[in-house]
Amino acid sequence: MSLRALLWDVDGTLAETERDGHRLAFNDAFEALGLPWRWSEARYGELLAVTGGRERLLADLATRPDAPAEAAEREALARELHRRKNLAYAARVDRGDLGLREGVAALIDEAARSGLRQGIATTTSRDNVQALLGRALGPGWLRHFGAVVCGEDVVAKKPDPAVYTQALARLGVAAADALALEDSPAGVAAARAAGVAVIVTRSVYFADHAVPGATAIGPGLHSREGWRPAAVGHSPGRVTLDDLAAWHAAAQTPR
Ligand code: XBP
Ligand code: MG
């Protein structure tokens, strides 16, 4: 069992999209529909327990006395808000508000040069992935990824393992030969349920959360410092494929 594929989460892992992108875009959508609601950073952090933007809206609407009482009306409102949120998100990405986290582009590039397969396994939509990666990596971004599995491709979103099992199937790689990169407890649970080892790059919203099942946890790919267990590479600098291969190998060893 050797490391043959990297499976990337998007939101929180490739970029800090939640606080600086989706949250603000949801607020843009509330404003555009003349609604007085706004999600603070803290409230959005609570709502992230619900994966999926439309599902998150429905969870919030269920708590609001000034939201429509009828379930069908709430559904329609959530759909329209979510549609507008995604347009606002794309506009924010397009004007350069959301760059990739440091170390991400270098690792994608290193993995590609080393012949590793790479896939995306995300709860968000293909349009949102296209907006983010098209802007960050350029129009040829898709050539790095043999599988892009998004929220609309599966019946159940994370923590369900479906995005991971589909990505593995499309890449033709066994779960034991892949490593997932995630930031959230739900994402880690999804990868583990698919039998894939996971490393966690802490994002702002999940900086302190317990993440049971992770093979390694650290502050981000930009630095080898602060990782548990420690990265194998001794020089300071970014996390490299050697570090990932060592964590992956350790995860395969029965304890
Ligand atoms: C990401 C999500 C998504 C995004 C918003 O989770 O839960 O819902 O917050 O995107 P993960 P959509 O990083 O674990 O994949 O509005 O397109 O759902
Ligand atoms: Mg995430």
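Residue numbers run consecutively from 1 along every chain, following the written order of its sequence. Just so you know, chain letters begin at A and ligand numbers begin at 1, following the order they were written in. Only residues with pLDDT of 70 or above have their local features reported here, since the model is predicted, and side-chain atom pairs are shown and tallied only from 80 upward, although totals for entire chains, interfaces and linings are computed over all residues. Side-chain descriptors were evaluated using all non-hydrogen atoms of the structure, hydrogens and water having been removed beforehand.

1. Details of the sheet that holds strand S2 (residues 117–121)
The following threshold applies: At least two bridges found by DSSP between two strands is the condition for calling them paired. Counting from the N terminus, the helices are the DSSP runs of H or I reaching at least four residues and the strands are the DSSP runs of E reaching at least two. Between the N-to-C directions of two axes lies an angle of 0 to 180 degrees, each axis being a line fitted to C-alpha atoms and, for a helix, fitted only over the stretch in contact.
Strand order in the open sheet formed by six strands is S3-S2-S1-S4-S5-S6, and the pairing between neighbours is parallel. On the outer flanks of this sheet lie strand S3 (147–149) and strand S6 (216–218), each paired with one strand and no other. Recorded for the sheet is a direction-independent mean angle of 20 degrees between the axes of neighbouring strands. Relative to S2, strand S1 (residues 5–8) runs parallel, the two sharing four bridges.

2. Some words on the packing of helix H4 (residues 71–94) against helix H6 (residues 126–137)
We apply this condition: In this scheme, roughly parallel covers angles under 35 degrees and roughly antiparallel covers those over 145, while 65 to 115 is roughly perpendicular and the rest are oblique. Whether two residues are in contact is decided by their heavy atoms, any of which lying within 4.5 Å being enough. Three residue categories are used. Nonpolar comprises Ala, Val, Leu, Ile, Met, Phe, Trp, Tyr, Cys and Pro, charged comprises Asp, Glu, Lys and Arg, and polar comprises the others, including Gly.
Across the interface, H4 lies against H6 with an axial gap of 9 Å and an inter-helix angle of 5 degrees. On the basis of their axis angle, the class for H4 and H6 is roughly parallel. Where H4 approaches H6, its residues Lys85, Asn86, Tyr89, Ala90, Val93 and Asp94 are matched on the opposing element by Asn128, Ala131, Leu132 and Arg135. When the residues that make up the contact of H4 with H6 are grouped by side-chain class, the tally is five nonpolar, two polar and three charged.

3. Quick word on the environment of Thr240
Considering the arrangement of structural elements, one finds Thr240 in the loop between S6 and helix H9 (241–252). Remark: the alpha-carbon pair of Thr240 and Ser223, spanning 17 residues in sequence, is separated by 9.5 Å. In contact with Thr240, not counting residues within four places along its chain, are Leu107, Glu110 and Arg224.

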